[in-house]
Amino acid sequence: VVERENVGMEEERESALVIVVDVSPSAWWRPGAPASITSAAGSLDLGGALDHLHTFLNALLLVTQKTKVGVLWLADRRSVPVPLPSLGNRALHGGGTGARGQENGGVLEDLKRSLLELYESQCVPASGEGNGGRGCDRGQPALSSAYSKSLCVLKQHLETHEEGAEGIAVTDDVDLPKFRRRRTRVLFLHASADVPSQYIQIMNASFCAQKMGTVVDTFMLGGKDSSFLQQAASITGGMYSNFFAAAVSATEGSVPKKFSLSTYLINVLLPDSETRKSLQLPRGNASTTTLKVTCFLTHKPLDVGFVCSVCLSIFNERLKTCAVCGTTFQDRRALKKKVLSRQQ
């Protein structure tokens, strides 16, 4: 018979992390230039970003034997889960049930192979010939799709382990919500600008993550800001980091010449939310959040808007009928007459 205290400690160490990496051609490629992102700290090429991601994954897997990892590519118009057979049962998807091995070349080779297949399917026509330098078929980055898929992977992970612990969770004096709650996180390595049409889906996913107890962290690669991911981090209790932009504003245009992305990820984003409370975070951790909402019709950010009392849709002007749920609004005069008649 296993003591309940030991079971609780075993469950507490268990965690899962999904890393969403922005590899969209619209963010990395420029006409006549190599695949790189130019920021205040210099140029970061896509191959170097993969090397830093590989280092971060190795450090993460060394922290605890109970951590499971998943990676998703965020591309234009779609998101793709990355199979990691070299991780075995440490992978959240595409890892198989065998032990971790190097027969496929390791994690870095898994990442490169999957990314190459993604670009071949997106940038090379079905005939197998190149596109003559016209570039990839670009579109809007599918941030909402990658966000939703990452939460589905974590939800499946939670349900699987709840089924395995069902017999233990029903014992006496066990706090079921606390027992079932496991540390799950989503980490965005993002470089693209926000797409206003995806605002509703991203906010719905953020509230879903909050209900699941999933923490959403973000590191902006190119120095741009994302108000959507800032709000996601604020809602879920995560961290939003734009090191490049914060460093430029703090030092009046100059940043350290040497910057290691993997070092920053390991020291700042590797610890969980509880451990971070005891750390002194460096510059780049957003202390203020951009909470501007987006109009559901024009998809433009608003300072002042009108909210539907039924579906909570937000518009930039007063409407007679809600464009989302169809609710008919009463004007002020009719509403005032209705209130006065009730008082009499």
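First, a word on what this report is: a plain description of the structure on this page. (Residues numbered from 1 in each chain as written. Predicted model: local features only at pLDDT ≥ 70, side-chain atom pairs only at ≥ 80, totals over all residues. Heavy atoms only, no water.)

### So, the overall build of the chain
Next, step 1: Assigned secondary structure in the chain consists of 13 helices and 12 strands.
Next, step 2: Long-range contacts, defined here as pairs at least 24 residues apart, represent 63% of the contacts in the chain between residues at least 6 apart.
Next, step 3: A total of about 18,800 Å² of accessible surface is found on the chain, and carbon and sulfur atoms cover 52% of it. (Helix = DSSP H or I, 4+ residues; strand = E, 2+ residues; numbered from the N terminus. Contact = heavy atoms within 4.5 Å. Areas by Shrake-Rupley, 256 points an atom, 1.4 Å probe, with all protein chains shown as cover.)

### Observations concerning the sheet that holds strand β1 (residues 15-22)
Next, step 1: Taken in spatial order, the six strands line up as β5-β4-β1-β6-β7-β8 in an open sheet, and their pairing is mixed. Edge strands, defined here as strands with exactly one partner in the open sheet, are β5 (78-82) and β8 (240-241).
Next, step 2: Of the strand pairs in this sheet, β1 and strand β4 (residues 67-75) are connected by eight bridges, and their pairing is parallel. Bridge pairing in β4 places L17 opposite V69.
Next, step 3: Sheet strands touched by helix α9 (residues 227-236): β6 (183-190), β7 (214-220) and β8. Its angle to β7, the strand with the most contacts, is close to 145 degrees. (Pairing = 2+ DSSP bridges. Axes fitted to C-alpha atoms, helices over the stretch in contact; angles between N-to-C directions.)

### Section: the side chain of S144
Next, step 1: Within the secondary structure, S144 is located in helix α5 (residues 143-164).
Next, step 2: Classification of S144 as buried rests on a relative accessible area of 14%.
Next, step 3: In this view, S144 contacts Q198, Q201 and I202; residues no more than four positions away in its chain are not counted. (Buried < 20%, exposed > 50% of the residue type's maximum accessible area, 1.4 Å probe, protein only.)

### A look at the packing of aromatic side chains
Next, step 1: The final tally for this structure, using the stated rule, is five aromatic pairs.
Next, step 2: Pairing F219 with Y264 gives two aromatic rings, centres 5.2 Å apart and planes at 55 degrees, and the pair type is tilted. With F219 in strand β7 and Y264 in helix α11 (residues 261-269), this pair connects stretches of sequence that are 45 residues apart. Exposure class is identical for F219 and Y264. Each is buried.
Next, step 3: Three or more aromatic residues link up through ring pairs in this structure, and these residues are Y199, F228, F296 and F315. (Phe/Tyr/Trp six-rings, centres within 6.5 Å; stacked < 30°, edge-to-face > 60°.)

### Points about empty space enclosed by the protein
Next, step 1: A complete count under the given rule lists two cavities of 30 Å³ or more for this structure.
Next, step 2: Considered as a void within the structure, the largest cavity measures approximately 50 Å³ in volume.
Next, step 3: If you go around the largest cavity, the residues you meet are V21, L46, A49, L50, L53, L189, L221 and L261.
Next, step 4: By residue number, the principal contributor to the lining of the largest cavity is helix α3 (residues 46-63), which donates four residues.
Next, step 5: The class makeup of the residues in the lining of the largest cavity is eight nonpolar, no polar and no charged.
Next, step 6: Size it by volume and the second largest cavity reaches roughly 40 Å³.
Next, step 7: In terms of residue class, the lining of the second largest cavity is made up of five nonpolar, three polar and one charged. (1 Å grid on protein atoms, 1.4 Å probe; cavity = no way out; pocket = protein on both sides within 12 Å on 5 of 7 lines; lining within 4 Å. Points joined across faces, edges and corners; volume = space filled by probe spheres on them. Nonpolar A, V, L, I, M, F, W, Y, C, P; charged D, E, K, R; others polar.)

### Details of α9
Next, step 1: With eight of 10 residues buried, α9 lies mostly within the body of the structure.
Next, step 2: What α9 keeps buried is the set S227, F228, L229, Q230, Q231, A232, A233 and T236.
Next, step 3: In the segment just after α9, G237 is the residue with positive phi, at about 80 degrees.

### Some points on α3
Next, step 1: In a regular helix each residue adds 1.5 Å, so 18 residues correspond to 26 Å; α3 covers 26 Å between its end C-alpha atoms and thus fits that length.
Next, step 2: If you check which residues of α3 are buried, you get L46, G48, A49, L50, H52, L53, F56, L57, A59, L60 and L61. (Expected span 1.5 Å × (residues − 1).)

### Observations regarding the nonpolar core
Next, step 1: Ranked by internal contacts, the top residues of the largest apolar core, which has 43 residues, are I19, W73, L111, L189 and F219.
Next, step 2: Of all the elements in the fold, those that place two or more residues in this core are β1, α2 (25-28), α3, β4, α4 (107-123), β6 and α11.
Next, step 3: No other element matches the nine residues that α3 contributes to this core.
Next, step 4: What L189 contacts, discounting residues up to four positions off in sequence, is I19, V20, V21, D22, L53, F219, L221 and L265.
Next, step 5: Residues L158, I202, C295 and C322 belong to the second largest nonpolar core, which totals 36 residues. (Core = buried A, V, L, I, M, F, W, Y, C linked by side-chain atoms within 4.5 Å.)

### Some thoughts on the state of the cysteines
Put plainly, two cysteines are in a disulfide when a covalent bond ties their sulfur atoms together.
Next, step 1: The tally for this structure, following the rule as stated, stands at zero disulfides.
Next, step 2: For C322, which is in no disulfide, the shortest distance to another cysteine sulfur is to C325 and amounts to 3.6 Å.
Next, step 3: Residue class for C322 comes out buried when judged on its relative accessible area of 4%.
Next, step 4: Residue classification places C325 among the partly exposed residues on the basis of a relative accessible area of 35%. (Disulfide = S-S within 2.5 Å.)

### A few points about the packing of helix α8 (residues 199-212) against α9
Next, step 1: Two elements in contact, α8 and α9, have axes whose closest approach is 9 Å; the angle formed by their N-to-C orientations is 20 degrees. One way to sum up the angle between α8 and α9 is to call them roughly parallel. The two elements α8 and α9 cross, and the hand of that crossing is right-handed. On α9, the residues touching Y199, I202, M203, S206, F207, A209 and Q210 of α8 are F228, Q231, A232, I235 and T236.
Next, step 2: Within the contact of α8 with α9, the residues separate by chemical class into eight nonpolar, four polar and no charged. (Parallel < 35°, antiparallel > 145°, perpendicular 65-115°, else oblique. Left-handed = near helix turned anticlockwise from the far one by under 90°.)

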